[in-house]
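Okay, here's what each chain looks like letter by letter:
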Amino acid sequence: MLQRWIAISALLWVGYAQVALPASKLGLGVVQENGAITFRKNGLEFTYVEGVGWVPPLEASLPPPQGTLLPLEVVRAVGLVAAPEAGVRFSADASRLRLVIDLPAGSDPASLSRVELSAYPGRLQIELPFFLPGLEKLRPPVGVGLEGQYEQQGTVLSLQAPAGRLYRYRTYRLENPARYVLDAYYLEPEREEAVAPGFRYRELWAWTPEPLRMYWLEAEPGRWRMEPVGRPGERRVLPEMAPGALALLNGGYFDGRTGTPIGLWVRGGVPLNFPYGRSALFWQDNTVFAGQPRFTASVQLMDGRSLRVGLNLARARYTVHTLPGLVGRAGENVHLVQGEQIIATYPAPYELPEGLWALSFPAEEPLGRTGETLKLQVSLEPPVAHALEAGPLLVQSGVNIFNPNAEPFRDRAPVEAVAAQSAVAWTREGALVFIVTQPMRPEVLAHVLQEQGFWGAIRMDGGGSAQLWVQGRLKNPAGGLLGVRQVVSGLALYPKP
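Everything numeric here is computed off the predicted structure, so don't read it as measured data. (Residues numbered from 1 in each chain as written. Predicted model: local features only at pLDDT ≥ 70, side-chain atom pairs only at ≥ 80, totals over all residues. Heavy atoms only, no water.)

Q: Provide a residue-level description of the overall build of the protein, including the pertinent values.
A: Along the protein, the regular secondary structure elements total 5 helices and 41 strands. Taken against the 2.2 N^0.38 rule, which gives 23 Å for 497 residues, the C-alpha radius of gyration of the protein at 34 Å runs more than 25% over that of a compact globule. Taking all 497 residues of the protein together, the buried fraction comes to 49%. A fraction of 64% describes how many contacts in the protein between residues 6 or more apart in sequence connect residues 24 or more apart. Just so you have it, the protein exposes about 23600 Å², and 51% of that area is on carbon and sulfur atoms. For the protein, the distance from the average site of its 46 positive side-chain charges to the average site of its 46 negative ones is 3 Å. (Helix = DSSP H or I, 4+ residues; strand = E, 2+ residues; numbered from the N terminus. Rg over C-alpha atoms; globule rule 2.2 N^0.38 Å. Buried < 20%, exposed > 50% of the residue type's maximum accessible area, 1.4 Å probe, protein only. Contact = heavy atoms within 4.5 Å. Areas by Shrake-Rupley, 256 points an atom, 1.4 Å probe, with all protein chains shown as cover. Lys, Arg positive; Asp, Glu negative; His and termini not counted. Charge placed at Lys NZ, Arg CZ, Asp CG, Glu CD.)

Structure below.
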């Protein structure tokens, strides 16, 4: 029986310990003498006598203090707090502490202040109109201080973040169930360094609203020269494509199995690959812009006649196909062409192999026979020195124009998935920026770049292909068990002589 009583007493004591608050956090002074402990605050005084209990007007049977810790029942009985009690919990990692306050029944979250995003100098204090004794149970990560000062009408919450970080916080409300959330961030600082005259490397945070790291290489107007690098059909690590480049960014899309580029590729005025139908980056000297390429395509027949045709996704009655995969539609036939010679004709749809091109046409209207010639001619507008198709467009003339349905993406991942993003952006004055980000959605990237004031921006290939190399070093986290991804095309940036 005695053992059972001791066990019950221990459990009760543990229960009291779980809800006991330090007198100092209640603003109480403490005096201990002659077996009694007295707590005082602004004319309020109450005493506990060892072996007797609490002195009137408190009930003697209330739980005893634990040193200078006061049980919650005593705090309430004395009237030290009048605010409604709310539950509190948290989650934390190396860069953020999230505090969730579960509001008492009947609370209106809209009555609480809402902060979209604000800076703090490492120590944050927020006054909340709730009693939060649960703070005493929370154990934040090492290096993060979290405590409350309990006033009659609420709690003053204090957070001390690790030193040497970038500090931001925000609060927001949730309606059902009623909650109030505080996100306090203590992030690795943004950084910036000059890598060459007129070139600057930066790492900064984009708020999406979650903070995501962005990796930038900026080139001042008139200081840069950019070239498309790589070779159709060949996958390589970016630095192998241009060992002497100051910076490298991955290029456009490609077929992972064959290494076939998907879309327009012009180098030095010479087309290396034909348009697919999405937006492209164009540049010549220090003028850069982006848009959907305007082009005309035709085939010259054996008898010298020239016939206008569609090209890839820009279909027409007669359509040229330059990408491997199924081409043509039911009811059509396909001339299979190697170089400029028809080598076979098949009913559509037909699996076009890599290295050949095809012309689809109504089955009853063939344009040639096996062994005859077909010459493909493509005229691009505007005629520029360099072009690389990617897409979608993000910013044009300073306006966010991201529209996931404006460009043909059979695979929706490039326009919908949360993934590492890669982009080229430029200012109205002619500064050029290579950008790679931590995983986010393309629409978020468009919003961030428009907020940054860019005049134009286009998304390049993303996901595992998104890479920024500066002076031979990969700057963004990439790779894994399979290492850094090989790509087919890239953009190389050099200082302009």
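Q: Which residues make up the nonpolar core, and what values go with them?
A: General note: in soluble globular proteins, nonpolar side chains tend to be found buried as a group. In this structure, Leu217, Val424, Phe434, Leu449, Leu491 and Leu493 are the most contacted members of the largest nonpolar core, which totals 68 residues. A total of 6 residues in this core trace back to one element, the largest contributor, which is strand S17 (residues 211-219). Counting 48 residues, the second-largest nonpolar core is a separate cluster that includes Tyr48, Val88, Leu124 and Ala178. (Core = buried A, V, L, I, M, F, W, Y, C linked by side-chain atoms within 4.5 Å.)

Q: Tell me what's going on with the pairing of strand S2 (residues 29-33), and back it up with residues and numbers.
A: Strand direction decides the pairing type here: S2 and strand S3 (residues 36-41), joined by 5 bridges, are antiparallel. Paired with Val31 across the bridge in S3 is Thr38. In sequence, S2 turns back onto S3 through a hairpin of 2 residues, with Asn34 there showing a positive phi of about 55 degrees. (Pairing = 2+ DSSP bridges.)

Q: Account for the side chain of Glu136, naming residues and giving values.
A: Position of Glu136 among the secondary structure elements: in the loop between strand S10 (123-128) and strand S11 (145-151). A polar atom in the side chain of Glu136 sits 2.5 Å from the side chain of Tyr150. Non-local contacts of Glu136, meaning those with residues more than four positions away in its chain, are made with Ala20, Leu21, Pro22, Lys25 and Tyr150. (Polar contact = N/O pair within 3.5 Å; in protein donor to acceptor, adjacent residues only side chain to side chain.)

Q: Tell me about unusual backbone geometry, and please be specific about residues and values.
A: Residue Pro349 is bonded to the preceding Ala348 through a cis peptide linkage, with omega at -5 degrees. With omega at 5 degrees, the peptide bond leading from Gly391 into Pro392 counts as cis. With phi around 55 degrees, Asn34 is a residue other than glycine that occupies positive phi space. One can find Asn34 in the loop between S2 and S3. Overall, the relative accessible area of 81% leaves Asn34 in the exposed class. Phi at Asp285 is positive, roughly 55 degrees, even though this residue is not glycine. Structurally, the position occupied by Asp285 is in the loop between strand S22 (280-284) and strand S23 (287-291).

Q: Describe empty space enclosed by the protein, naming the residues involved and giving the relevant values.
A: The final tally for this structure, using the stated rule, is 2 cavities of 30 Å³ or more. Within this model, the largest cavity holds a volume of roughly 60 Å³. Surrounding the largest cavity, Gly252, Tyr253, Pro261, Ile262, Gly263, Leu264, Trp265, Leu388, Glu389, Val488 and Ser489 form its lining. Among the residues forming the lining of the largest cavity, the class breakdown is 7 nonpolar, 3 polar and 1 charged. (1 Å grid on protein atoms, 1.4 Å probe; cavity = no way out; pocket = protein on both sides within 12 Å on 5 of 7 lines; lining within 4 Å. Points joined across faces, edges and corners; volume = space filled by probe spheres on them. Nonpolar A, V, L, I, M, F, W, Y, C, P; charged D, E, K, R; others polar.)

Q: Talk me through the sheet that holds strand S12 (residues 154-160); I want residue IDs and the actual numbers.
A: Strand pairing in a sheet relies on backbone hydrogen bonds. The paired strands run either parallel or antiparallel. Spatially, the 3 strands line up as an open sheet ordered S10-S12-S11, and their pairing is antiparallel. The open sheet has two free edges, formed respectively by S10 and S11, since each of these has just one partner strand. Ignoring strand direction, the axes of neighbouring strands in this sheet form an average angle of 15 degrees. Pairing analysis gives 7 bridges linking S11 to S12, with the strands arranged antiparallel. Bridge pairing in S12 places Leu146 opposite Leu159. (Axes fitted to C-alpha atoms, helices over the stretch in contact; angles between N-to-C directions.)

Q: Account for the pairing of strand S16 (residues 199-207), naming residues and giving values.
A: Of all 9 residues making up S16, 7 are buried, and the element is well covered by its neighbours. Two elements, strand S15 (residues 191-196) and S16, share 5 bridges in a ladder whose sense is antiparallel. Bridging from a neighbouring strand, Ala196 pairs with Phe199 of S16. The turn linking S15 back onto S16 is made up of 2 residues, and Gly198 within it adopts a positive phi angle of 85 degrees. As judged from the 9 bridges shared by S16 and S17, these two strands associate in the antiparallel manner. The partner of Ala206 across the bridge, within S17, is Leu212. What sits between S16 and S17 in their antiparallel hairpin is a turn of 3 residues.

Q: Help me get a handle on the environment of Glu227, residues and values and all.
A: Looking at the element boundaries, Glu227 is found in strand S18 (residues 224-230). Looking at Glu227, the relative accessible area reads 29%, which means it is partly exposed. Along the backbone, Glu227 and Arg267 are 40 residues apart, and their C-alpha atoms lie at a distance of 7.5 Å. Not counting residues within four places of it along the chain, the set of residues in contact with Glu227 comprises Trp283, Gly490, Leu491, Ala492 and Tyr494. At 2.3 Å, the side chain of Glu227 and the side chain of Arg225 are in polar contact.

Q: I'd like a rundown of the layout of surface pockets, residues and numbers included.
A: Looking at the largest pocket, its volume works out to about 670 Å³. If you trace the largest pocket, you find 32 residues lining it, with Ile262, Tyr276, Arg278, Leu323 and Arg410 closest to the centre. Of all the elements in the fold, those that place two or more residues in the lining of the largest pocket are strand S27 (325-327) and helix H4 (413-416). Classifying every residue of the lining of the largest pocket by side-chain character gives 13 nonpolar, 10 polar and 9 charged. By volume, the second largest pocket is sized at about 310 Å³. Broken down by element, the residue count for the lining of the second largest pocket peaks at 3 residues, all from strand S21 (residues 270-273). The class makeup of the residues in the lining of the second largest pocket is 12 nonpolar, 6 polar and 1 charged.

Q: Go over the pattern of salt bridges with me, naming the residues and quoting the values.
A: Evaluated as defined, the whole model comprises 29 salt bridges. Between Arg165 and Glu188 there is a salt bridge, and its shortest N-O distance comes to 3.9 Å. Within this pair, whereas Arg165 is found in the loop between S12 and strand S13 (166-174), its partner Glu188 is found in the loop between strand S14 (179-187) and S15, the two being separated by 23 residues in sequence. Between Glu234 and Arg236 there is a salt bridge; the shortest N-O distance is 3.6 Å. On the basis of relative accessibility, which here comes to 27%, the residue Glu234 falls in the partly exposed class. A network of salt bridges, in which partner residues are shared, links Arg96, Arg98, Arg170, Asp183 and Glu210. (Salt bridge = Lys/Arg side-chain N within 4 Å of Asp/Glu carboxyl O.)

None of the figures reported here should be taken as evidence of function without further support.
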